[in-house]
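Analysis of the macromolecular model
So you can see what is in the structure, the chains are spelled out below.
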Amino acid sequence: MKKNAHIDTKAIHAGRINDEQFGSLATPLYQTSTFIFDNAEQGADRFAGEQEGFIYTRLGNPTTRQLEQRVAALEGMEDAAATATGMGAVSAALLANLSAGDHLISSKAVYGCSYALMAHQLTRFGVEVTFVDMNNEAEIVAAIKENTKVIFLETPINPNLVVLDLEMIGNIAKQHQLISIVDNTFLTPILQRPIEFGIDIVIHSATKYLNGHGDVVAGIVCGTTEMITHIKLTVLKDIGATISPHDAWLILRGLKTLPIRMERHCSNAQKVAEYLEGHPMVTAVYYPGLASHSGHKFIGKQMQAAGGVIAFEIKGDIHQGSAFINRMQLFSIAVSLGDAESLIQHPASMTHSPYSQEERLDAGISDSLIRISVGLENADDIINDLDNSLNLIGHNNTDTVVNFS
Ligand code: 3LM
């Protein structure tokens, strides 16, 4: 593959390690915990870093390595480290760059467990955290202190789809010598490459679109060779949030169709968002693909398209909201996103329950928000499912038969 190949070609070929023994087209799965040394000296040399080669799967594995090189190529970054989960990636990126006494600035609204890690865990180890409105340049700058080391965000934000200005944030980080970390899970490198805006580290929950088939939990951190070596040799080696080679193999398979899946997720979500916006029972729709959305101006500049996640609010109280969700038939009631199947969930009681209600409201995540991950089914069927359920709101139907099959 040529270095300047298009991103959809890279999704299939980048980082490919040729199987010289058998010529296997598919990536061989090295499902092994350990690797045999030719002799004691070779083992010692590998441990000392004086000879290349694998030692033990917690420290590296050929299947995993191929995944790391492929995602790094897609993000346009030098290297990557694959992890056991997306939270493993968030933890690795933060723990490798923060020590007791350091200060971290994060967007107020982030994925619930990322918030919990920063607010409830890192603080136990003497890391100070300030949560800010990441769209407010003055507020970010005012939060910077002598000991500030890292700035953390995701865009679009899970779950309210607020879009943040990567160029503005990348510039602030450069000016103040902060390490910027962006969680790119919602858009993937197919739609957004944060490095183009000066961001230092990009992380993913590979559980989501990168794998795309709902059968893996995994994560990945991308950065410079120096940063990734630092992450691998400090945090990942000793904490052990290493990906299983089998999961790496499944994600490599999923990545081959990532560009075409993203195209379909986006076109389906655009149709669904437009439909929702026109429904009388829907009071608000949050999707950057809509001209009415504050993040719409970033499309074509920072992000190529708006992705497959939509948040919205409907008329009625909590009971009508639950009844609406319970009536869905094609949609599965489940957290996670980026799968072939359409999913629906309630952030306040599910993905963002690690926040207190006060913290959540302050972060702009309302109790009535409903989040959907628009799948790869036919858009008309997805819209029909929403339509059936929306049209029954307010018809004293809280005991409508629920069919989850
Ligand atoms: C969810 N999100 O449904 P894992 N970063 C982002 C994420 O959305 C997530 C992670 C990191 C959801 C998971 S909630 C129990 C289910 C932007 C996960 C963490 O560790 O692979 O789950 O990734 O929003």
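Keep in mind the model is a prediction, meaning the values are calculated, not measured. (Residues numbered from 1 in each chain as written. Predicted model: local features only at pLDDT ≥ 70, side-chain atom pairs only at ≥ 80, totals over all residues. Heavy atoms only, no water.)

Topic: the packing of aromatic side chains
In total, this model carries 4 aromatic pairs according to the counting rule given. With 4.8 Å between their ring centres and 45 degrees between their planes, Y115 and F131 make a pair best called tilted. Here Y115 is found in helix 5 (residues 112-121), whereas its partner F131 is found in strand 3 (residues 128-132), with 16 residues between them in sequence. Both rings, one in F312 and one in F324, keep their centres 6.0 Å apart while their planes meet at 85 degrees; by these two values the pair is edge-to-face. Taken together, the residues F312 in strand 9 (residues 309-314) and F324 in helix 12 (residues 318-327) connect sequence positions 12 residues apart. Judged on exposure class, the residue F312 and its partner F324 are both buried. Taken together, the aromatic side chains of Y115, F131 and Y355 make up a single cluster linked through ring pairs. (Phe/Tyr/Trp six-rings, centres within 6.5 Å; stacked < 30°, edge-to-face > 60°. Helix = DSSP H or I, 4+ residues; strand = E, 2+ residues; numbered from the N terminus. Buried < 20%, exposed > 50% of the residue type's maximum accessible area, 1.4 Å probe, protein only.)

Brief notes about the pattern of salt bridges
Two side chains of opposite charge can pair, provided their charged atoms sit close to one another. Evaluated as defined, the whole model comprises 10 salt bridges. Residue R193 pairs with E196 through a salt bridge whose shortest N-O separation is 2.9 Å. According to the relative accessible area criterion, E196 is exposed, its value standing at 52%. Across the pair D238 and K237 runs a salt bridge, and its minimum N-O distance is 2.8 Å. Note on K237: relative accessible area 31%, which makes it partly exposed. Members of the salt-bridge network, linked through shared partners, are R65, E68, D79 and K232. (Salt bridge = Lys/Arg side-chain N within 4 Å of Asp/Glu carboxyl O.)

Considerations on the sheet that holds strand 12 (residues 370-373)
What holds strands together in a sheet is hydrogen bonding between their backbones, with the strands either parallel or antiparallel. Reading across the sheet, the 5 strands line up as 8-9-12-11-10 and stay open at both edges, with mixed pairing between neighbours. For this open sheet the edge positions go to strand 8 (282-286) and strand 10 (332-333), each flanked by a neighbour on one side alone. Strand direction decides the pairing type here: strand 11 (residues 343-345) and strand 12, joined by 3 bridges, are antiparallel. Within strand 12, the position partnered with I344 by the bridge is I372. Its contacts with the sheet place helix 12 against strand 9, strand 10, strand 11 and strand 12, and it is angled at close to 135 degrees to strand 9. (Pairing = 2+ DSSP bridges. Contact = heavy atoms within 4.5 Å. Axes fitted to C-alpha atoms, helices over the stretch in contact; angles between N-to-C directions.)

Focus: the sheet that holds strand 3
One open sheet accounts for 7 strands, arranged 1-7-6-5-4-2-3; its pairing is mixed. Unpaired on one side and paired on the other, strand 1 (79-83) and strand 3 mark the two borders of the sheet. Strand-to-strand, the axes of this sheet are offset by a mean angle of 20 degrees, without reference to chain direction. Pairing analysis gives 3 bridges linking strand 5 (residues 179-183) to strand 6 (residues 201-205), with the strands arranged parallel. Residue pairing across strands places D183 opposite I203, the latter belonging to strand 6.

A look at the domain arrangement of the protein
According to the domain assignment, the protein consists of domain 1 (7-30 + 61-255) and domain 2 (259-394). For domain 1 and domain 2, the distance between their C-alpha centroids amounts to 24 Å. Across the boundary between the two partners, domain 1 contributes 40 residues, which contact 39 residues of domain 2. When domain 1 packs against domain 2, the two sides together hide about 3,100 Å² of surface, and 62% of this comes from carbon and sulfur. For the interface between domain 1 and domain 2, the tally reads 1 salt bridge. In this structure, K108 engages D362 in a salt bridge whose closest nitrogen and oxygen atoms are separated by 3.4 Å. The interface formed by domain 1 and domain 2 includes 17 residue pairs in polar contact (both at pLDDT 80 or more). (Domains from an automatic or database assignment. Buried area = accessible area lost by both parts, 1.4 Å probe. Polar contact = N/O pair within 3.5 Å; in protein donor to acceptor, adjacent residues only side chain to side chain.)

Side note on the site of the ligand
Neighbouring residues of the ligand: 17 residues in total, closest D183, T207, K208, S336 and R371. Here an oxygen atom of the ligand and a side-chain polar atom of T207 are 2.5 Å apart. For the ligand, the protein covers 85% of the area, taking 550 Å² as the surface of the free molecule. Here the residues of the shell around the ligand sort into 5 nonpolar, 8 polar and 4 charged. (Near = heavy atom within 4 Å. Areas by Shrake-Rupley, 256 points an atom, 1.4 Å probe, with all protein chains shown as cover. Nonpolar A, V, L, I, M, F, W, Y, C, P; charged D, E, K, R; others polar.)

Points about the nonpolar core
Residues L67 and L94 are the most contacted members of the largest nonpolar core, which totals 87 residues. When neighbours within four sequence positions are excluded, L94 is seen to be in contact with L104, L117, M118, L122, V150, F152 and I181. Within the second largest apolar cluster, 26 residues are counted, among which are A273, Y275, V285 and I393. (Core = buried A, V, L, I, M, F, W, Y, C linked by side-chain atoms within 4.5 Å.)

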